Amino acid sequence: MVQKSHLARRQFLQLGALAGTAALLPRYAAAQSADAEGGPHTLPDLPYGYDALAPHIDARTMEIHHRKHHAGYVRKLNAALEGRASLAEKPLAELLADLPAVEDASLRAALRNNGGGHWNHDFFWTSMAPPAKTGEADAALTDALTSAFGGMDEFKEAFAAAAGSRFGSGWAWLIVRDGKLEVTSTPNQDNPVMKGLVADDELGTPILGIDVWEHAYYLNYQHRRGAYVDAFWKVVDWGAVSGRLKKATA
Ligand code: MN
């Protein structure tokens, strides 16, 4: 598989140089899934190429993050579900919401870490877009941000503070709770949909999230998490975030 994917990548790069990359992205995206293995859950393709978020998030970080880290969560999630048909057939969000009912503590931890990792990364990839395609916050999102934080700039400060103060590995989130926007953060691969596992003030419907594990930024930014968070704003898909708010408040 490794040789095949390297070949696909070389062909992509050669053809891309001749013909422009956009038309070839779907084919390249299919080749990205080479590291996924069998089981009820699968590694989703990225909705853009590994280099699409550069220079804000570099291609090598994106490729390792998707092909190795995210793929690893999917693989370990599937391994934990092997021989457990009633859990394996649940959609991922349902599986995460039902975790408190899983009695075996080591199984519950495996599902929490790897199911959470799978959900969070899928959400993260679709929270971002190439810089030219990020769109803008719609009127409802702009109003909600103003109402909750005072404005877009103040929201960004609050979100960056949550991302910066999360000790060790974890995530910062913009969530909808009781119809209002709030910023929160969670450790490890926990997330705001894990009812019964995360603290009450971490629960809500996420509409934006940033991965602040070092693997998300270390190659390009080393210890400078703040510089990575600054760069993240260049690739936030505001159209997607606006759509999630609309859905969460419908
Ligand atoms: Mn990650």
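One numbering rule holds for all chains: residues counted from 1, following each sequence as written. Under the rules for a predicted model, residues below a pLDDT of 70 receive no local features and side-chain atom pairs below 80 are neither given nor counted, while totals for whole chains, interfaces and linings still include all residues. Working from all heavy atoms in the structure, the side-chain values ignore hydrogens and water.

Chemist: So what exactly am I meant to see when it comes to helix α8 (residues 152–165) here?
Modeler: Because each turn of an α-helix spans 3.6 residues, side chains separated by three or four positions in sequence point in the same direction. Spanning 14 residues, α8 covers 20 Å between terminal C-alpha atoms, matching the ideal 20 Å at 1.5 Å per step. Working definition: with a 1.4 Å probe on protein chains only, accessible area under 20% of the residue-type maximum means buried, over 50% means exposed, and in between means partly exposed. Strands are runs of DSSP state E lasting at least 2 residues, helices are runs of H or I lasting at least 4, and numbering of each runs from the N terminus. Along α8, the residues classified as buried are Phe155, Phe159, Ala162 and Ala163. Along the axis of α8, the buried positions cluster into a sector of 100°, meaning they face one direction only. Residues of α8 that are exposed and point more than 90 degrees away from the buried face comprise Asp153, Glu157, Gly164 and Ser165. On its buried face, α8 is in contact with α7 (139–149), β1 (170–177), β2 (180–187), β3 (205–211), α10 (225–232) and α11 (238–248). By this rule the span expected of a helix is its residue count minus one, scaled by 1.5 Å. By arc we mean the arc of the directions from the helix axis to the C-beta atoms, nothing more. Only heavy atoms matter for contacts: two residues are in contact if any of them lie within 4.5 Å across the pair.

Chemist: How do you make sense of the pairing of β2 when you look at a structure like this?
Modeler: Side chains on a regular strand alternate between the two faces of the sheet. Only when DSSP finds a minimum of two bridges between them are two strands counted as paired. Pairing analysis gives eight bridges linking β1 to β2, with the strands arranged antiparallel. Across the sheet, Ile175 pairs through a bridge with Glu182, a residue of β2. If you look at the hairpin formed by β1 and β2, you'll find two residues sitting between the two strands, and Asp178 has a positive phi there, around 50°.

Chemist: Looking at this structure, I do not really get the coordination of the manganese ion. What am I missing?
Modeler: Reference values for angles at a metal are 109.5 degrees in the four-donor tetrahedral case and 90 or 180 degrees in the six-donor octahedral case. Around the manganese ion, the protein contributes the donor atoms His65 (NE2), His121 (NE2), Asp211 (OD) and His215 (NE2), which lie 1.9 to 2.1 Å from the metal centre. In this analysis a donor is any N, O or S atom within 2.8 Å of a metal ion (3.2 Å for sodium, potassium and calcium), and since water is not included, sites may seem incomplete. Considered as a linear motif, the donors of the manganese ion on their single chain read H-x55-H-x89-D-x3-H. One end of the pair, His65, is in helix α3 (residues 59–81); the other, Asp211, is in strand β3, and 146 residues separate them in sequence.

Chemist: How should I be thinking about the packing of α7 against α11 in this particular structure?
Modeler: The description of two helices packed together rests on the angle between their axes and the distance between the axes. Remark: α7 packs on α11, axes separated minimally by 9 Å, with the N-to-C direction vectors making an angle of 80°. Put simply, α7 runs roughly perpendicular to α11. Taken together, the residues of α11 that come into contact with α7 (itself represented by Ala140, Leu141 and Ala144) are Trp238, Val241, Ser242 and Leu245. Under this scheme, a helix contributes an axis fitted over its contacting stretch, all axes are lines through C-alpha atoms, and angles between N-to-C directions fall in the 0 to 180 degree range. Angles below 35 degrees are treated as roughly parallel, those above 145 as roughly antiparallel, those between 65 and 115 as roughly perpendicular, and all remaining angles as oblique.

Chemist: What is the right way to look at the pattern of salt bridges in this model?
Modeler: Note on pairing: side chains with opposite charge can pair once their charged atoms come close. The term salt bridge refers to a side-chain nitrogen of Lys or Arg lying within 4 Å of a carboxyl oxygen of Asp or Glu. Evaluation of the coordinates by the stated rule reveals three salt bridges. The shortest N-O distance in the salt bridge between Arg112 and Asp190 comes to 2.8 Å. Here the residue Arg112 occupies a position in helix α6 (residues 105–125), and Asp190 occupies one in the loop between β2 and β3, the gap between them amounting to 78 residues. Take Arg112: its relative accessible area is 25%, and that puts it in the partly exposed class. The exposure class of Asp190 is buried, given its relative accessible area of 6%.

Chemist: Would you explain the nonpolar core in this entry?
Modeler: Inside soluble globular proteins, nonpolar side chains tend to come together where they are buried. To define a nonpolar core, start from buried Ala, Val, Leu, Ile, Met, Phe, Trp, Tyr and Cys residues and group those joined through side-chain atoms within 4.5 Å. Counting 57 residues, the largest nonpolar core has Leu111, Ile210 and Tyr228 as the members making the most contacts within it. For the domains described, the bounds stem from an automatic or database domain assignment. Residue contributions to this core reach at least three from each of two domains, namely domain 1 (2–125) and domain 2 (131–248). Filtering out sequence-adjacent residues up to four positions away, Ile210 remains in contact with Phe124, Phe159, Ala163, Gly170, Trp171, Ala172, Tyr228, Val229 and Phe232.

Chemist: What's the story with the sheet that holds β2 in this structure? I'm lost.
Modeler: Neighbouring strands of a sheet are bound in pairs by backbone hydrogen bonds; such pairs are parallel or else antiparallel. Judged by pairing direction, the sheet is antiparallel, and its three strands sit side by side in the order β2-β1-β3 without closing on themselves. Of all the strands in the sheet, just β2 and β3 have a single pairing partner and so form its edges. Strand-to-strand twist across the sheet, computed as the mean angle between neighbouring axes with direction ignored, equals 20°. Summarising the sheet, β1 and β3 pair through six bridges and their orientation is antiparallel.

Chemist: Could you clarify how one ought to interpret unusual backbone geometry in this entry?
Modeler: When glycine is set aside, most residues are seen to have a negative phi, and most peptide bonds are trans. Backbone torsion omega between Ala54 and Pro55 reads 5°, so that peptide bond is classified as cis. Here Pro55 shows up in the loop between α2 (25–32) and α3. Phi is positive for Asp178, close to 50°, though the residue is something other than glycine. One can find Asp178 in the loop between β1 and β2. Of note, Asn188 is a non-glycine position whose phi angle comes to about 55°, a positive value. Checked against the element boundaries, Asn188 lands in the loop between β2 and β3. Residue Asn188 is classed as partly exposed on the basis of its relative accessible area, which comes to 40%.

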